[in-house]
Amino acid sequence: MVPHLTTALTGPLLELERCFLDNATSIEAWLRQQWLDHMPPFYGSVDLRNAGFKLAPVDMNLFPGGFNNLHESFLPLCVQAAQSAVERICPDASKVLLVPENHTRNQFYLMNVARLANILGHAGLKVRIGSLLPDITEPTTLDLPDGQKLTLEPLVRKGDRLGLKDFDPCAVLLNNDLSAGVPTILKDLDSQWVIPPLHAGWTTRRKSIHFAAYDRVAESFAKMLKIDPWLINPYFGRCGKIDFHERVGEECLAAQVDATLTKIRAKYAEYGVEDQPFVIVKADAGTYGMGVMTVRDASEVTGLNRKQRNKMSVIKEGMQVSEVIIQEGVHTVEQVNGGVAEPVVYMLDKYVVGGFYRVNTERGIDENLNAPGMRFEPLAFETCCNTPDCAQAPDAAPNRFYAYGVVARLALLAASVELEETAPAELELA
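All values derive from a computational prediction rather than experimental measurement.

Undergrad: Tell me about the overall build of the protein, and name the residues and values.
TA: Of the regular secondary structure elements, the protein holds nine helices and 18 strands. Of the contacts formed within the protein by residues at least 6 apart in sequence, a portion of 69% connects residues at least 24 apart. Carbon and sulfur atoms make up 51% of the accessible area of the protein, which amounts to about 18,000 Å² in all.

And the structure:
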């Protein structure tokens with residue numbers, strides 16, 4: 001079930017993994033110190049890309065929607081980590097209101113909601129699910145493919161508290177990334193914890209801000225280990241005034257693509273990498289793999305045809321793209337059952353609780369895999385990401401997955417820094 005990588009026995013990545021193994025004690029001590037200074041998000045998931053010569057995060061999700069893809073053997077870890085998160089944020093909590101995305105037809109997402117509610121229930125919380133959908137006016141029970149049932153209930157706002165008709169929770173847990181904006185009913189809940197905070201949603205959050213924070217985290221971590229931070233960090237640029245329909249911002253985009261590719265070529269030459277460098281241009285806010293394109297030359301982003309402009313101009317919830325991040329593309333050398341694969345690592349509080357592979361047989365090693373044709377392989381992580389075995393080779397499953405977990409936690413730490421630095425003034429004062 002664990003894919004064998006064609007580059008597993010050669011190249012800098014093996015050296016990086018060996019470095020992580022040799023310095024595991026120092027790494028864990030360094031991370032422990034960081035968590036004393038920065039509160040981790042309640043949960044998160046990180047998309048990683050393993051190029052054989054570098055291992056880097058390419059996306060950080062603060063509203064993970066794939067808990068159903070985790071193998072059941074990881075559930076005890078999830079429960080333990082959830083207990084730690086609750087004790088850190090609101091130790092007196094006994095009731096939690098879970099507010100999901102506005103999906104009633106996406107069965108896989110609904111199984112994620114059910115799995116998340118189950119984890120929280122085992123952590124000692126009474127959990128009910130309140131829907132933002134206007135057509136949910138009474139408790140509505142949905143049948144799920146795995147035989148479970150999920151009941152969605154209409155939200156009730158009373159003063160500065162949010163709950164249900166007969167349910168007044170201690171905290172509101174969002175599993176909704178707020179791509180379409182912050183609904184009025186979620187604003188100014190001054191006497192309840194809202195987790196994650198509203199400014200973690202895509203209404204205000206930007207990927208470029210996250211990766212700017214990650215730059216600093218990776219630099220500090222690499223200095224401690226005496227390694228090149230590029231081995232765990234993708235270059236990126238940003239264009240803040242884009243209108244694909246009106247061809248506004250093409251010059252900025254082309255310049256940022258060219259600048260990023262130039263830096264990548266220099267690193268490829270330094271490490272003797274013969275692959276063709278590329279960048280990923282994607283919306284600076286948003287998820288679901290929308291508004292994404294692979295670019296290998298700056299000329300490719302000027303004079304886009306109508307189909308390309310339409311693809312890049314709209315993301316989730318029909319929101320228009322006006323800002324993009326130009327991110328170094330990281331090839332993936334991993335495959336699962338003939339499909340190109342990338343690891344996705346899940347975390348609760350500061351702990352790695354499992355992961356899976358996103359697999360897409362219709363995409364190449366230099367393309368976005370979060371696209372039609374993708375599937376998930378929940379059994380791919382046969383051992384946990386936080387227990388290396390120094391007696392085995394660096395590319396053995398527990399050690400490769402430990403390396404995944406280290407880089408994922410660096411991204412989580414960057415998210416902590418990001419949320420601290422982007423918090424509204426009144427939240428900072430509180």
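Undergrad: Help me get a handle on the pairing of strand β5 (residues 140-143), residues and values and all.
TA: Two elements, β5 and strand β6 (residues 149-154), share four bridges in a ladder whose sense is antiparallel. Bridged to Asp-143 within β6 is Lys-149.

Undergrad: Pulling in residues and values, what's your account of helix α3 (residues 75-89)?
TA: Counted at 1.5 Å a residue, the expected span for α3 with its 15 residues is 21 Å, and the 21 Å between its end C-alpha atoms agrees. Among the residues of α3, those classed as buried are Leu-75, Cys-78, Val-79, Ala-81, Ala-82, Ser-84, Ala-85, Val-86 and Ile-89. Considering only its buried residues, α3 is in contact with α4 (107-122), β10 (193-195), β16 (339-348) and β17 (351-360).

Undergrad: Just give me the short version of the sheet that holds strand β12 (residues 279-283), but keep the residues and values in it.
TA: Within a sheet, neighbouring strands are paired by backbone hydrogen bonds and run either parallel or antiparallel to one another. Ordered by their spatial adjacency, four strands build an open sheet running β11-β14-β12-β13, and the pairing between neighbours is antiparallel. Where the open sheet ends on each side, the last strands, each with one partner, are β11 (236-239) and β13 (292-295). Taking each pair of neighbouring strands and ignoring which way they run, the sheet shows an average axis angle of 20°. Pairing of β12 with strand β14 (residues 324-328), which is carried by five bridges, proceeds in the antiparallel orientation. Note that in β14 the partner of Lys-282 across the bridge is Ile-325. Strands β11, β12, β13 and β14 of the sheet are contacted by helix α6 (residues 250-271), whose axis makes an angle of about 175° with β11.

Undergrad: Got a sec to walk through the packing of aromatic side chains? Specific residues and values, please.
TA: A full pass over the atoms with the stated rule returns 14 aromatic pairs. Considering the side-chain rings of Phe-211 and Tyr-214, the 6.3 Å spacing of their centres and the 70° angle between planes classify their relative orientation as edge-to-face. In this pair, Phe-211 and Tyr-214 both sit in helix α5 (residues 207-225), three residues apart, roughly one turn of the helix. The same class applies to Phe-211 as to Tyr-214, namely buried. Relative to Tyr-268, the ring of Trp-230 lies with its centre 6.3 Å away and its plane at 65°, an arrangement referred to as edge-to-face. Of the two residues, Trp-230 sits in the loop between α5 and β11 while Tyr-268 sits in helix α6, which places them 38 residues apart along the sequence. One aromatic cluster in this structure is built from Phe-42, Tyr-43, Phe-67, Tyr-346, Phe-356 and Phe-376.

Undergrad: Run through the pattern of salt bridges, naming residues and quoting values.
TA: Side chains that carry opposite charge are capable of pairing whenever their charged atoms lie near each other. With the rule as written, the count across this model stands at 21 salt bridges. Linked by salt bridges that have partners in common, Asp-47, Arg-49, Glu-342 and Arg-358 make up one network.

Undergrad: Give me the lowdown on the pairing of β6, citing residues and values where you can.
TA: As defined by bridge partners, strand β4 (residues 126-131) adjoins β6 across three bridges and the pair is classed as parallel. Within β6, the position partnered with Ile-129 by the bridge is Leu-152. Hairpin remark: β5 followed by β6, antiparallel, with five residues in the connecting loop; positive phi at Gly-147, about 95°.

Undergrad: Could you give an account of the packing of α3 against α4, with specific residues and numbers?
TA: The relative placement of two packed helices is expressed as an angle between their axes plus a distance between the axes. Following both chains from N to C, one finds α3 and α4 inclined at 65°, their axes separated by 8 Å at the closest point. Relative to α4, α3 is oriented so that their crossing is right-handed. Mapping the contact onto sequence places Leu-75, Cys-78, Val-79, Ala-82 and Gln-83 in α3 and Arg-115, Ile-119, Leu-120 and His-122 in α4. Broken down by class, the residue content of the contact of α3 with α4 amounts to six nonpolar, two polar and one charged.

Undergrad: Give me the lowdown on the state of the cysteines, citing residues and values where you can.
TA: Under the criterion given, the structure shown has one disulfide. The disulfide partner of Cys-239 is Cys-252, and the gap between their sulfur atoms is 2.2 Å. In this structure, the disulfide formed by Cys-239 and Cys-252 twists by about -105° around the S-S bond and is classed as left-handed. Separated by 13 residues along the polypeptide, Cys-239 in strand β11 and Cys-252 in helix α6 bring together distant segments of the chain. For Cys-239, a relative accessible area of 1% gives the class buried.

Undergrad: Please set out the sheet that holds β6 residue by residue, giving values where relevant.
TA: Pairing is mixed across the open sheet formed by six strands, whose spatial order is β5-β6-β4-β3-β9-β10. Each edge of the open sheet carries a strand with a single partner, namely β5 and β10. Here the average twist between neighbouring strands, direction ignored, is 30°. In this structure, strand β3 (residues 95-100) lies alongside strand β9 (residues 171-175), joined through five bridges in parallel fashion. Among the inter-strand pairings, Val-96 is bridged to a residue of β9, identified as Ala-171.

Undergrad: Outline the packing of helix α2 (residues 24-37) against α5, supporting the account with residue identities and numerical values.
TA: For the pair α2 and α5, interaxial distance at closest approach is 11 Å and the crossing angle is 145°. Crossing of α2 over α5 shows right-handed handedness. Residues Ser-26, Ile-27 and Trp-30 of α2 form the contact with α5, whose own contacting residues are Val-217, Ser-220, Phe-221, Met-224 and Leu-225. Here the contact of α2 with α5 is composed, by residue class, of six nonpolar, two polar and no charged.

Undergrad: Please give an account of the side chain of Asn-233 that cites residues and values.
TA: As for its position among the elements, Asn-233 is in the loop between α5 and β11. Look at Asn-233 and you get buried, because its relative accessible area is 9%. A distance of 2.7 Å separates the side chain of Asn-233 from the side chain of Asp-215, its partner in a polar contact. In this structure Asn-233 touches Lys-54, Ala-56, Tyr-214, Asp-215, Ala-218 and Glu-328, once residues within four positions along its chain are discounted.

So, how was this worked out
- Residues numbered from 1 in each chain as written.
- Predicted model: local features only at pLDDT ≥ 70, side-chain atom pairs only at ≥ 80, totals over all residues.
- Heavy atoms only, no water.
- Helix = DSSP H or I, 4+ residues; strand = E, 2+ residues; numbered from the N terminus.
- Contact = heavy atoms within 4.5 Å.
- Areas by Shrake-Rupley, 256 points an atom, 1.4 Å probe, with all protein chains shown as cover.
- Pairing = 2+ DSSP bridges.
- Expected span 1.5 Å × (residues − 1).
- Buried < 20%, exposed > 50% of the residue type's maximum accessible area, 1.4 Å probe, protein only.
- Axes fitted to C-alpha atoms, helices over the stretch in contact; angles between N-to-C directions.
- Phe/Tyr/Trp six-rings, centres within 6.5 Å; stacked < 30°, edge-to-face > 60°.
- Salt bridge = Lys/Arg side-chain N within 4 Å of Asp/Glu carboxyl O.
- Left-handed = near helix turned anticlockwise from the far one by under 90°.
- Nonpolar A, V, L, I, M, F, W, Y, C, P; charged D, E, K, R; others polar.
- Disulfide = S-S within 2.5 Å.
- Polar contact = N/O pair within 3.5 Å; in protein donor to acceptor, adjacent residues only side chain to side chain.

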